[in-house]
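# Coordinate analysis (summary)
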Amino acid sequence: MNDAATAGSARARELETRIREEALFGRLPLLKGEREYSTRGILATGFSYAVAAWCFLIGGYAANYVGAVEGMVALIAGSVAGVTMSSAAAALACNRYGLEQIDYTKTGFGQNGAKLVLVFYVINQIGWTGMILVMFARGLMNTAKTFGFDGGETLVRVAVLVGLVICYLVVIKGVHVLNVFNAIITPGLVIACVFLFWSIFKDDGWSKLVAAAPIEPTGDGPLDSVIAFEMGLGAGFSWWPGIGFLTRNTDTQRNSLYPQILTMGLGMGVVCCTGLLAGLLFRDGDPTVWLPLVGGKVFGTAALLLLAIANISAGAIMMYTGALGLRHVRALHKVPWKTLTLITFVPMLPFVVAPTTIYEKGSSFLTYNATMFAPIAGLLLVDYFLLRKQRVNVSQIFEDGPKGHYRFLGGFNVVAVGCIMLGQLLYVWLLNPVTYEAHGPVRVLTASGPAVVVPMLVYWLVSKLWLIPKGIGGYGAPTAALPVERPNI
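What you see is a predicted model; the values in this text were computed from it and never measured.

Before going further, it helps to spend a moment on the overall build of the chain. Secondary structure summary: the chain contains 22 helices and zero strands in total. Relative to the globule expectation of 23 Å for 489 residues, the C-alpha radius of gyration of the chain, 23 Å, shows essentially globular dimensions. With the C-alpha coordinates of the chain rotated into their principal frame, the extents come out at 75 × 60 × 40 Å. By residue count, 58% of the 489 residues in the chain fall in the buried class. The contacts in the chain between residues at least 6 apart in sequence include a share of 84% that link residues at least 24 apart. Carbon together with sulfur atoms contributes 69% to the accessible area of the chain, which is approximately 19100 Å² in total. In the chain, which carries 35 positive and 27 negative side-chain charges, the distance between the mean positions of the two groups comes to 8 Å.

Following this line, the structure appears as C-alpha cells:
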C-alpha cells in the first residue's frame, strides 16, 4: 500500500513538473503561482529592456533630423504613446488569462490569422536581437581601436557569434535566469546612464546642445519633426511582440501595465535622448562611434560591458518569445525546447556573415515596426475592450475545430486582416519608411495616427454590422470552459 502511494505521488510530481515546463517553454496558460515577475522583477526587466543599446541607436537616428529640444519631446512622447498602445490590450489580456501573446491574438485574427501576425512577430524579435548584437560588436571594435588593436569586420563577426551563443545558453535555462540577470545588472545600468548624461553636459552644458543643428535634415521642418516622432513611436511599438511574454509572467494586472509604460515608455524615451544629445554633440548618430569617446577609455570600456550584458539579456528575452511563438507551427509542437530554440537562432546567421550591411538598414527596420504593429495594437484594443468587454474563453483559444469560437471564416478574421493591410498601405502612402517621402496631411496628423485610427474605426463598424450579428467570432459567448475537439497545442 505504501509502495503504491509512493509511486502515485511520484507520478503526480512528474506530471506537475511536465505541466510547468509546458507552461514555461510551451503555450499552456500560466497560473498565478507559476509567474516569475513581482513589481521589483518587472521593473528591473523593463528597465533592462529600456536601456538596451538600440535606444542609443534610435536617438542617433533622430539626431539626423531634429535638434535637442524638439528631439527630446518627439522621442519621449512617441515612445510613451507607442508603449501605451502596445501594452493596453496585450498586457492586460495576457496577464489576466496567462496566455502567450500569439495565442491571445487568435481572438482578433482567428486561428490561422494569428499565424500571419506570428511571421511579423518573429521577424521583429530576430531583427532587433541582431541589431543590438551587431551594435555591441561594433562598439567593441571601436573600443579596441582606442587601445591600439584594429580587429575590423572580423572582430565584429566573432563578437556577434559569441553573443548569439550566450543568448542561446541563457534562453534554454528559462525565465528565472533572466529575472536574476536583470536584477543584478540594473543598478549598474542606472549609474552608466547617469554618467553618460553628466559626460555630455559637463563641458559645454545645455546651451551648446540647444544650438547644435541636426546632422542631416531634409530641409522640411515639419516633416523632420514628424520623422523624429515616428521614430519614437516605432521604438514604442517595437515592444508589442515582447509585451505579452513579460506580462504573462507578472503577478497582477497593475504590474502588467504601469511598469511597462514607466520603463519601456518613459524610461526608454529618456535613454533615447542620450543618443540624440550625443549624436548632436559628436556629429555622428552611430553610438558605436561616440560611446567609446564619452568619459575616456576606462568609462567607455565599462559602459560597453554593462550594455553588452543588458543587450544579451534583452536579446535572450526576444529570442525566448520568438521560440515560444514557433510552438504555433504544428510540425514544431513537440520539438524539444533546446532544439526549437536552436531553430529560432538559425535566421540570425546573416548578422554574423554581413553585420555592417544589415546594421546600416536600421532606421528602415525601426519604421517598419510602426507600420506593422501600430494597426495591430489598435485593432486588438477595439476587439478586447469595446467588442469583447475583456471576456475571453480560454478553452476556445486552443480549439482548432470548425465550431471553435475563434475560427471565424476558415480560420481567418478577414475583417481584421483587411484592416491591417489598410493601415499599412495608409502608413506607407503618408510616409515611406525607406525614403521618407511624404504625402497628404502627414505633417499634421503623422503617419501612425491615421494608420491606427482609421483601421480601428473600420474594424469596429464592420464588426458591429456584420461579425457580431452573424455570430462570427464568439462575441458575447459564455466564457466557461468547453470541451476541445481538435486541440492545437
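Two elements in contact, helix α3 (residues 54–63) and helix α12 (residues 253–282), have axes whose closest approach is 7 Å; the angle formed by their N-to-C orientations is 50 degrees. What the angle tells us is that α3 and α12 run oblique. Considering the relative orientation of α3 and α12, their crossing is right-handed. From α3, W54, C55, F56, I58, G59, G60, A62 and A63 reach across to α12, where they touch M268, V271, C272, T274, G275, L276, G279 and L280.

On to empty space enclosed by the protein. What the rule picks out here adds up to three cavities of 30 Å³ or more. When its volume is computed, the largest cavity comes out at roughly 80 Å³. A per-class count over the lining of the largest cavity returns no nonpolar, five polar and five charged.

A separate point is the layout of surface pockets. Approximately 270 Å³ is the volume found for the second largest pocket. Y61, N64, G285, E360 and S363 are, among the 14 residues lining the second largest pocket, the residues nearest its centre. Every element with two or more residues in the lining of the second largest pocket is listed here: α3 and α18 (362–387). The residue inventory of the lining of the second largest pocket, partitioned by class, reads five nonpolar, four polar and five charged.

In this section: the packing of aromatic side chains. Evaluated as defined, the whole model comprises six aromatic pairs. Ring plane angle 75 degrees and centroid distance 5.1 Å describe the contact between Y384 and F385, whose orientation is recorded as edge-to-face. The exposure class assigned to Y384 is buried, which follows from its relative accessible area of 1%. Just above the ring of Y475 sits the side chain of R388; from NZ or CZ to the centre is 3.9 Å.

Counting 150 residues, the largest nonpolar core has W54, Y104, W240, I376, L431 and Y459 as the members making the most contacts within it. Here the element with the most residues in this core is helix α6 (residues 113–146); it accounts for 16 residues. Setting aside residues no more than four positions away along its own chain, I376 makes contact with F109, V117, W240 and I420.

Further remarks concern the pattern of salt bridges. Applying the stated criterion across every chain, the model contains six salt bridges. For the salt bridge of D103 with K106, the shortest nitrogen-to-oxygen distance reads 2.8 Å. Taken together, the residues span about one helical turn, with D103 and K106 both in helix α5 (residues 101–109) at a distance of three residues. Residue D103 is classed as buried on the basis of its relative accessible area of 0%.

Among the surface-exposed residues, L116, L386, L409, F412, V414, W460, L461, L465 and W466 lie close enough to one another that they form a single nonpolar patch of about 800 Å² accessible area. The element that contributes the greatest number of residues to the nonpolar patch is helix α22 (residues 448–467), accounting for four residues. Among the secondary structure elements, L116 is positioned in helix α6. Residue classification places L116 among the partly exposed positions, given a relative accessible area of 40%.

One can find G473 in the segment after α22. In this structure G473 comes out as buried when scored by relative accessible area, which is 4%. Each C-alpha atom of the pair G473 and S463 lies 9.4 Å from the other, and the pair is 10 residues apart in sequence. Beyond its immediate sequence surroundings of up to four residues, G473 is in contact with R388, H405, Y406 and F408.

Right, let's get into the environment of F201. Counting through the fold element by element, F201 comes out in helix α8 (residues 175–201). Dropping the residues within four chain positions of it, F201 is found in contact with W206, L209 and L277.

What follows deals with the confidence of the model for the chain. Averaged over the chain, the pLDDT score is 85; the fraction of residues at 70 or greater is 90%. Taking the mean pLDDT of every element in the chain, the minimum, 54, falls on helix α1 (residues 2–25) and the maximum, 96, on α22.

The rules behind each value
- Residues numbered from 1 in each chain as written.
- Predicted model: local features only at pLDDT ≥ 70, side-chain atom pairs only at ≥ 80, totals over all residues.
- Heavy atoms only, no water.
- Helix = DSSP H or I, 4+ residues; strand = E, 2+ residues; numbered from the N terminus.
- Rg over C-alpha atoms; globule rule 2.2 N^0.38 Å.
- Buried < 20%, exposed > 50% of the residue type's maximum accessible area, 1.4 Å probe, protein only.
- Contact = heavy atoms within 4.5 Å.
- Areas by Shrake-Rupley, 256 points an atom, 1.4 Å probe, with all protein chains shown as cover.
- Lys, Arg positive; Asp, Glu negative; His and termini not counted.
- Charge placed at Lys NZ, Arg CZ, Asp CG, Glu CD.
- Axes fitted to C-alpha atoms, helices over the stretch in contact; angles between N-to-C directions.
- Parallel < 35°, antiparallel > 145°, perpendicular 65-115°, else oblique.
- Left-handed = near helix turned anticlockwise from the far one by under 90°.
- 1 Å grid on protein atoms, 1.4 Å probe; cavity = no way out; pocket = protein on both sides within 12 Å on 5 of 7 lines; lining within 4 Å.
- Points joined across faces, edges and corners; volume = space filled by probe spheres on them.
- Nonpolar A, V, L, I, M, F, W, Y, C, P; charged D, E, K, R; others polar.
- Phe/Tyr/Trp six-rings, centres within 6.5 Å; stacked < 30°, edge-to-face > 60°.
- Lys NZ or Arg CZ within 6 Å of the ring centre and 35° of its normal.
- Core = buried A, V, L, I, M, F, W, Y, C linked by side-chain atoms within 4.5 Å.
- Salt bridge = Lys/Arg side-chain N within 4 Å of Asp/Glu carboxyl O.
- Patch = residues over 30% accessible without salt bridge, like charges linked within 9 Å, V, L, I, M, F, W, Y side chains within 5 Å.
- pLDDT = per-residue confidence, 0-100.

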